[in-house]
There are 2 protein chains.
Amino acid sequence: MQPKISLQDIAIRLGVSVKTVSGALHNRSIRMSEETRRKIRSLADELGYEPNLIARGMRSGVMPIIGMIGDGLITQPFASEIVRSFDNVLRTHDLSILVTDIAGGRGIEQGLAELQRLLPRGIVYASMYHHVVALPAGARGMIELMINCREADNAVPALVPAERQAGFNVTRYLIERGRRDIAFLTLPGLVASSLREHGLRAAFETHDLIVNEDWIRPATRGATYSDRARSVVREQIAEWMAAPQRPDAILCGNDRVALEVYGALRRVGVDIPGDVAVASFDNQVEIAARLDPPLTTMALPHREMGRIAGEILAGQRNKPDTVEEIPFRLIERASV
Amino acid sequence: MQPKISLQDIAIRLGVSVKTVSGALHNRSIRMSEETRRKIRSLADELGYEPNLIARGMRSGVMPIIGMIGDGLITQPFASEIVRSFDNVLRTHDLSILVTDIAGGRGIEQGLAELQRLLPRGIVYASMYHHVVALPAGARGMIELMINCREADNAVPALVPAERQAGFNVTRYLIERGRRDIAFLTLPGLVASSLREHGLRAAFETHDLIVNEDWIRPATRGATYSDRARSVVREQIAEWMAAPQRPDAILCGNDRVALEVYGALRRVGVDIPGDVAVASFDNQVEIAARLDPPLTTMALPHREMGRIAGEILAGQRNKPDTVEEIPFRLIERASV
DNA sequence: CTGAAAGCGCTAACAA
DNA sequence: TTGTTAGCGCTTTCAG
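Below, the structure is looked at part by part. (Residues numbered from 1 in each chain as written. Chains lettered and ligands numbered in written order. Predicted model: local features only at pLDDT ≥ 70, side-chain atom pairs only at ≥ 80, totals over all residues. Heavy atoms only, no water.)

**Concerning the environment of A:Met32**
In step 1: Within the secondary structure layout, A:Met32 lies in the loop between helix 2 (18–26) and helix 3 (34–47).
In step 2: Aside from chain neighbours lying at most four places away, what touches A:Met32 is A:Thr20, A:Gly23, A:Ala24 and A:Arg37. (Helix = DSSP H or I, 4+ residues; strand = E, 2+ residues; numbered from the N terminus. Contact = heavy atoms within 4.5 Å.)

This is the structure we're talking about:
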């Protein structure tokens, strides 16, 4: 690694002033003879000049950095797709990404303060599962965009998965494939789940079907779903399957629930999809693709959200006015 | 947000020089009257002074940042535990973490160059699955530590999971629980898998058992395992279970393979753990804990590696001389 | 024990 | 059209 070379170095070698070099390299609008500009540029290339980002940052008060506050990278680790595609697009704009995870009990404000100190060009808040977060008053103005979550009163632009639409579409898909008796295993307390349920109900209505309320039940005990919550999937399935009228399709709150449904259904000797179809949400590939039969599911738009967020932060795209819903994709496999 | 206040501001208000303030705040060894020091400190607190990191960085040529080059955040997303715990310890030392993912075809060198420009205090390389990477010559000197992977000739200090030991321990566990006929579904082409297999063989030897070579078979077709590789789990299980002598335990290359094994075993009416025990590696909780019965597995030490790496980069701990192996933890559930 | 001042690399206001 | 120079906020050397 050769010693870093500065504007000064170039200026001296060429016998011009620093400001001329700076102008030639970074500021098209500064007028000067084409000759000079060319000479400067070629020497800079030859020497491998690279601007010192820190010096520039000090001068301008902004660093080419985007801060990202993440909450719960731990809970839904597969959401790291968001970070990845975000990083990918930002990189093409010479922006780096500074992450900090909030889940360990640190407040949003503290995370924000830490990021701020590096003078990022912008800060986003990304949640690892779709929910509504209560931003402290002070944080509102500092956060440009929320990804996979939204602020309580939609005061901050946000990108969220189109849960309702996904619920509608997968239900319609089931109906179109001839299923009428559709059960739904919900994720208690999660917005994602209740929106998905709304979608399901809307699809029923559209097709003049009525929902059997006994077939809408929680997948876990307790007020809010989590990976540690006590599962009641096996019991629910057992009851449904013992009843005189059985569902012919089970829609699951997410792929992990579907995983349990497979086990429960096998246990009572029910064939998928012969006797009952199973469909789900998320497309957590390591599960969905490996189940037997492979699981039909609505893929969360993590990658798309990351990409769009990147474009917004890079200034290539306008922020949504309030909340923008990004559609899921239906992944057809063999469980329906 | 109040206008940032600088050393200068404090100096003026107190009628002392900038250097005195700087010394009082950050340099214990600069001698001055206790009186002055106290006055300065209390005013700084009152005004909420925070050093300008960029200015400091420019002066010293180093920023309070650790760069992390990640490859394939996508392949093993649950490895994000590494990042999380790394971030957690670094934060307590006022260090931020700058991530960049290399998987999208960008070379290591390019990723390095981008990180370098922000003058990080150190750079680590983290892989999302355990393998040996070929670092370009230029990169050797720049990377302080490799996490979850190692350099081809161990020229760079590294932290890797103790695969062999894990293979040994889980096998011994199976043996101690009375299992003698243990089969192993390998992950072709992965170092992790072949080390785990070595461990298994060593455990057999220790207990004067001999391995049935027909019971060591790949979980996927083709030369190297991946999530997209064509699975042959169902076939292998079917053959084993149809043979006159059946295994009484199946050790799986990882939890995703175990997931398939559950399906395949159910399909042929075999009870877990009554007829055969199943054990595995990774502890991908969303799978392992939700399987029926819950899966006994060796937990990858992602969190520990992240923490240790953090301590090393924060200067709280010495770098390993070459490769340090971090032990797995046995998670006992109900499948054995 | 404390003050003054240089200088990190860059940008932009001001001069020539 | 080009050159000179003043800072950005900080640390540190050198005088006093």
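**Some thoughts on the sheet that holds strand 3 (residues 120–133) of chain B**
In step 1: Taken in spatial order, the 12 strands line up as 11(A)-5(A)-4(A)-3(A)-1(A)-2(A)-2(B)-1(B)-3(B)-4(B)-5(B)-11(B) in an open sheet, and their pairing is mixed. Looking at the sheet topology across the chains shown, the edges are occupied by strand 11 (323–326) of chain A together with strand 11 (323–326) of chain B. Here the average twist between neighbouring strands, direction ignored, is 45°.
In step 2: Bridge analysis of strand 1 (residues 63–71) of chain B against strand 2 (residues 96–101) of chain B gives 6 bridges, and the strand direction is parallel. Bridging from a neighbouring strand, B:Ile65 pairs with B:Ser96 of strand 2 of chain B. (Pairing = 2+ DSSP bridges. Axes fitted to C-alpha atoms, helices over the stretch in contact; angles between N-to-C directions.)

**As for the packing of helix 1 (residues 7–14) of chain A against helix 3 of chain A**
Packed helix pairs are specified by the crossing angle of their axes together with the interaxial distance, meaning the distance between the axes.
All names here are of chain A.
In step 1: Viewed as axis vectors pointing N to C, helix 1 and helix 3 meet at an angle of 125°, and their least axial separation amounts to 10 Å. In terms of axis orientation, helix 1 runs oblique to helix 3. Every pair of crossing elements has a handedness; the one defined by helix 1 and helix 3 is right-handed. On the side of helix 1, the interface is formed by Ile 10, Arg 13 and Leu 14, while helix 3 contributes Lys 39, Ile 40, Leu 43, Ala 44 and Leu 47.
In step 2: When its residues are assigned to classes, the contact of helix 1 with helix 3 shows 6 nonpolar, no polar and 2 charged. (Parallel < 35°, antiparallel > 145°, perpendicular 65-115°, else oblique. Left-handed = near helix turned anticlockwise from the far one by under 90°. Nonpolar A, V, L, I, M, F, W, Y, C, P; charged D, E, K, R; others polar.)

**Quick word on the interface of chain B and chain A**
In step 1: In this assembly, 52 residues from chain B lie in contact with 52 residues from chain A.
In step 2: Note on chain B versus chain A: buried area summed over both sides is about 4800 Å², and carbon and sulfur give 60% of it.
In step 3: On the surface where chain B and chain A come into contact, there are 10 salt bridges.
In step 4: Linking chain B with chain A are 27 residue pairs in polar contact (both at pLDDT 80 or more).
In step 5: Here the residues of the side of chain B that touches chain A sort into 22 nonpolar, 10 polar and 20 charged.
In step 6: In terms of strand pairing, strand 2 (residues 96–101) of chain A meets strand 2 of chain B through 3 bridges, oriented antiparallel. Within strand 2 of chain B, the position partnered with A:Val99 by the bridge is B:Ile97. (Buried area = accessible area lost by both parts, 1.4 Å probe. Salt bridge = Lys/Arg side-chain N within 4 Å of Asp/Glu carboxyl O. Polar contact = N/O pair within 3.5 Å; in protein donor to acceptor, adjacent residues only side chain to side chain.)

**Quick word on the packing of helix 4 (residues 53–60) of chain A against helix 4 (residues 53–60) of chain B**
In step 1: Axis separation between helix 4 of chain A and helix 4 of chain B bottoms out at 9 Å; the angle between their running directions is 145°. The handedness of the crossing between helix 4 of chain A and helix 4 of chain B comes out as left-handed. Across from A:Ile54, A:Ala55, A:Gly57 and A:Met58 in helix 4 of chain A, the residues of helix 4 of chain B making contact are B:Ile54, B:Ala55, B:Gly57 and B:Met58.
In step 2: Its residues assigned to classes, the contact of helix 4 of chain A with helix 4 of chain B shows 6 nonpolar, 2 polar and no charged.

**Comments concerning the relation of the copies chain B and chain A**
In step 1: Once chain B is rotated about the relating axis by 180° and shifted along it by 0.0 Å, it coincides with chain A to within an RMSD of 0.1 Å. Considering both components of the superposition, the chain copies are consistent with a two-fold axis. Among all C-alpha atoms of chain B, that of B:Leu98 lies closest to the rotation axis, at 2.4 Å.
In step 2: Both copies present the same face, since 100% of the interface residues in chain B are matched by interface residues at the equivalent positions in chain A. (Least-squares fit on C-alpha atoms with pLDDT ≥ 70 in both.)

**Description of the protein's contact with DNA strand C**
In step 1: Lining the immediate surroundings of DNA strand C are 23 residues, of which A:Leu7, A:Tyr49, A:Arg59, B:Met32 and B:Arg59 lie closest.
In step 2: Here a phosphate oxygen of DNA strand C and a backbone polar atom of B:Ser17 are 3.2 Å apart.
In step 3: Listed by contribution, the elements that provide at least two residues to the surface near DNA strand C are helix 2 and helix 4 of chain A together with helix 2 (18–26) and helix 4 of chain B.
In step 4: Partitioning the surface near DNA strand C into residue classes produces 8 nonpolar, 9 polar and 6 charged. (Near = heavy atom within 4 Å.)

**What about the protein's contact with DNA strand D?**
In step 1: Lining the immediate surroundings of DNA strand D are 23 residues, of which A:Met32, A:Arg59, B:Leu7, B:Tyr49 and B:Arg59 lie closest.
In step 2: Protein-adjacent atoms of DNA strand D, using a 4 Å cutoff, are sugar or phosphate at a proportion of 56%.
In step 3: The separation between a phosphate oxygen of DNA strand D and a polar main-chain atom of A:Ser17 is 3.1 Å.
In step 4: Within the side chain of B:Tyr49, one N or O atom sits 2.5 Å away from a phosphate oxygen of DNA strand D.
In step 5: Within the residue set of the surface near DNA strand D, elements represented by two or more residues are helix 2 and helix 4 of chain A together with helix 2 and helix 4 of chain B.
In step 6: With 4 residues, the top contributor of residues to the surface near DNA strand D is helix 2 of chain B.
In step 7: For the surface near DNA strand D, the class distribution of residues is 8 nonpolar, 9 polar and 6 charged.

**Thoughts on the side chain of A:Asn283**
In step 1: When you line up the elements, A:Asn283 lands in the loop between strand 9 (277–282) and helix 12 (285–288).
In step 2: Leaving out residues up to four positions away in the same chain, A:Asn283 has contacts with A:Asp255, A:Ala288, A:Thr297, A:Met298, A:Ala299, A:Ile331 and A:Arg333.

**Let's talk about the nonpolar core**
In step 1: Membership of the largest hydrophobic core comes to 56 residues, with the highest contact counts inside it found for A:Ile250 and B:Ile250.
In step 2: Not counting residues within four places of it along the chain, the set of residues in contact with A:Ile250 comprises A:Ala183, A:Leu185, A:Ile237, A:Trp240, A:Met241, A:Val261, A:Leu265, A:Val276, A:Ala277, A:Val278 and A:Ala279.
In step 3: Judged by nonpolar contacts, the second largest core, of 48 residues, contains A:Ile66, A:Ala79, B:Val83 and B:Ile97. (Core = buried A, V, L, I, M, F, W, Y, C linked by side-chain atoms within 4.5 Å. Buried < 20%, exposed > 50% of the residue type's maximum accessible area, 1.4 Å probe, protein only.)

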